[in-house]
Amino acid sequence: MARQKKFLLTDEQIPRKWYNILAEMPNKPLPPLNPATKEPLTWQELAHIFPTECAKQELNTTDAWIDIPEEVYERYKYYRSTPLVRAHALEKALQTPAHIYFKNESTNPLGSHKINSALPQCYYCKQEGTTNVTTETGAGQWGAALSYAAKSFGLEAAVYQVKISMRQKPYRSSIMRTFGAAVTGSPSMSTRAGKDILTVNPTHSGSLGTAISEAVELAQTTPNCKYVLGSVLNHVALHQTIIGLEAEKQMEMAGEYPDMIIACFGGGSNFGGIAFPFMRHNLSGERHTEFIAAEPDSCPKLTRGKFRYDFGDEAGYTPLLPMFTLGHQFKPANIHAGGLRYHGAGMIVSQLLKDGMMRGMDIPQIESFEAGMLFARTEGIIPAPESCHAIAATIREAQRCKEQNEEKVILFNLSGHGLIDMGAYDMYINGDLQDFSISDEEINRNIAELDGQK
Ligand SMILES: *Cc1c(COP(=O)(O)O)cnc(C)c1O
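All figures in this text were calculated on a predicted structure; none of them were measured in a lab. (Residues numbered from 1 in each chain as written. Predicted model: local features only at pLDDT ≥ 70, side-chain atom pairs only at ≥ 80, totals over all residues. Heavy atoms only, no water.)

Draft legend 1. Looking closely at the pattern of salt bridges. Overall, the coordinates contain 21 salt bridges when judged by the stated rule. The closest approach of N and O atoms between R172 and D421, which form a salt bridge, is 3.4 Å. Within this pair, whereas R172 is found in helix α8 (residues 170-178), its partner D421 is found in the loop between β15 (409-414) and α17 (422-429), the two being separated by 249 residues in sequence. The pair R172 / D421 is uniform in exposure class, with both members buried. By sharing partners, the salt bridges in this structure join E290, R359, E397, R400, E406 and K408 into a single network. (Salt bridge = Lys/Arg side-chain N within 4 Å of Asp/Glu carboxyl O. Helix = DSSP H or I, 4+ residues; strand = E, 2+ residues; numbered from the N terminus. Buried < 20%, exposed > 50% of the residue type's maximum accessible area, 1.4 Å probe, protein only.)

Draft legend 2. Looking closely at the packing of aromatic side chains. Within this structure, the stated rule accounts for 14 aromatic pairs. An aromatic cluster is built from F102, F375 and F412, whose rings are joined through pairwise contacts. For the cation-ring pair, R16 lies above Y73, with the distance from its terminal atom to the ring centre recorded as 3.6 Å. Above the face of the Y257 ring, R287 is positioned so that its terminal group lies 3.8 Å from the ring centre. (Phe/Tyr/Trp six-rings, centres within 6.5 Å; stacked < 30°, edge-to-face > 60°. Lys NZ or Arg CZ within 6 Å of the ring centre and 35° of its normal.)

Draft legend 3. Fine view of the domain arrangement of the protein chain. The assigned domain composition of the protein chain is domain 1 (47-66 + 112-232) and domain 2 (79-111 + 235-452). Centre-to-centre separation of domain 1 and domain 2, based on C-alpha positions: 22 Å. Opposite the 48 residues of domain 1 that make contact, domain 2 presents 47 residues. Carbon and sulfur atoms supply 58% of the area buried between domain 1 and domain 2, which totals about 3700 Å² over both sides. Of all residues in domain 1, the largest losses of buried area upon contact with domain 2 belong to H113, N116 and V232, amounting jointly to 18% of the total for that side. Inspection of the region where domain 1 meets domain 2 yields 21 residue pairs in polar contact (both at pLDDT 80 or more). (Domains from an automatic or database assignment. Contact = heavy atoms within 4.5 Å. Buried area = accessible area lost by both parts, 1.4 Å probe. Polar contact = N/O pair within 3.5 Å; in protein donor to acceptor, adjacent residues only side chain to side chain.)

Draft legend 4. How the structure looks around unusual backbone geometry. In the segment running from R80 into S81, the intervening peptide bond is cis, with an omega of 0 degrees. Along the chain, S186 connects to P187 via a cis peptide bond; the corresponding omega equals 5 degrees. Considering the arrangement of structural elements, one finds P187 in the loop between β8 (182-186) and α9 (192-200). One non-glycine residue, K38, adopts positive backbone phi at about 60 degrees. Of note, K38 is situated in the loop between β2 (17-19) and α1 (43-46). Overall, K38 belongs to the partly exposed group, its relative accessible area being 44%. With phi around 50 degrees, Q95 is a residue other than glycine that occupies positive phi space. In this fold, Q95 is placed in the loop between α4 (88-94) and β5 (99-104). Residue Q95 is classed as exposed on the basis of its relative accessible area of 58%.

Draft legend 5. Highlighting the nonpolar core. Of all hydrophobic cores here, the largest spans 70 residues; its most connected members are W18, F271, F276, M358 and L411. In terms of domain composition, this core takes at least three residues from each of domain 1 (47-66 + 112-232) and domain 2 (79-111 + 235-452). Not counting residues up to four positions away in its chain, the partners in contact with L411 are L84, Y101, F102, K103, A247, M251, P258, M260, I261, I262, I274 and F278. Within the second largest apolar cluster, 30 residues are counted, among which are A87, L90, F102 and I262. (Core = buried A, V, L, I, M, F, W, Y, C linked by side-chain atoms within 4.5 Å.)

Draft legend 6. Structural context of the site of the ligand. Close to the ligand lie 18 residues; K114, S231, G266, S269 and S415 are nearest. Within the side chain of K114, a nitrogen or oxygen atom sits 2.7 Å from an oxygen atom of the ligand. Considering the ligand on its own, with 390 Å² of exposed area, one finds that the protein chains cover 97% of that surface. In terms of residue class, the shell around the ligand is built from 4 nonpolar, 12 polar and 2 charged. No fewer than three residues from each of domain 1 (47-66 + 112-232) and domain 2 (79-111 + 235-452) sit in the shell around the ligand. (Near = heavy atom within 4 Å. Areas by Shrake-Rupley, 256 points an atom, 1.4 Å probe, with all protein chains shown as cover. Nonpolar A, V, L, I, M, F, W, Y, C, P; charged D, E, K, R; others polar.)

As structure tokens, then:
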């Protein structure tokens, strides 16, 4: 009998609302603070740098469902729904009794889930009369998505790209420029923050933290310019819930419900996107799904970070956010999963982790590529180095199912494809990749520095 492999929704079945888990969490995250006054921030203050609608969404703890604007829905239909796929070939290779499904967010031409939030953020900017947007990007997926979204809503985009990623993945800068964005390597001499960082360390290879500082500074010094962010913040995870809401309907078509949901973790947006719509059934007590966020072992904020108020960027320009963090001056190793090189976890996820609603899992770089290679050779899709972490975690769990002879249903998010990351695959194949471990002393030193600053 032919087995069905792929599940898609019709345009009419694409969800018309995002799910706001903030409204249903029993323990709300602590509020973001104004670093100068240490008082909780209002949406009016957040709206100085962020689009107003996003600032309101950021602090919305009352509405569980938020309408997707018609113009955003129209653009979602260009590439959504995305396929939910049963990974029969991977299951076979692993000889596991587990049923493995993945939600394939790599099928849009920008190649990752980031477009799901780039579109609404640029739409709200346009609605509010903003003409310019500025942002940071690591590996370049967010920058690429944002550049396209800005162009399609008639905005000018300026993107700071982490210098090391710019060197590792030069074609992503080309993609951004193709969509009309101005791209600068960070740290750069074009901002006060960049100059300060380079003065201390002239060979600084950049991080998401440095690029965010530069982009925020540009937004504050450019008229009619807003800063937009591709991860970490609540409103970004909100927009990404389109992933899980679709997957919920598609799992129903497949006649199953996930026992376990896995996603890779940078700041938490693709994890939140696939997890939160399912987690609502855990919150209401109907289901007991397990949630696993897979992070690089060289940047282990979920498993080894500390819960603190910390800045979202290296220079300390952003609000203070309550998060699991390695300290905002933590300099992550130059792993190829650029999108996971971030020191902190989003506020919602940090609270959920504290409350035992989910767990983190650390994956070494080489194990992540081994997993990516097996996935490519079985399912025919070359995954992004970030997504390889979710695949590695899935394989660990599927192997456990084999040992214990358990037929669990595992759903993971394939956050992007790796076709612009082939340099990293070449290095893996040639045996030139290495693992980076990080000592407790290094983590403690960064946290002590953070505690000393307050
Ligand atoms: C940015 C990115 C990530 C990490 O960001 P999250 O906000 O944690 O999802 C993961 N995968 C891909 C492909 C990315 O582009």
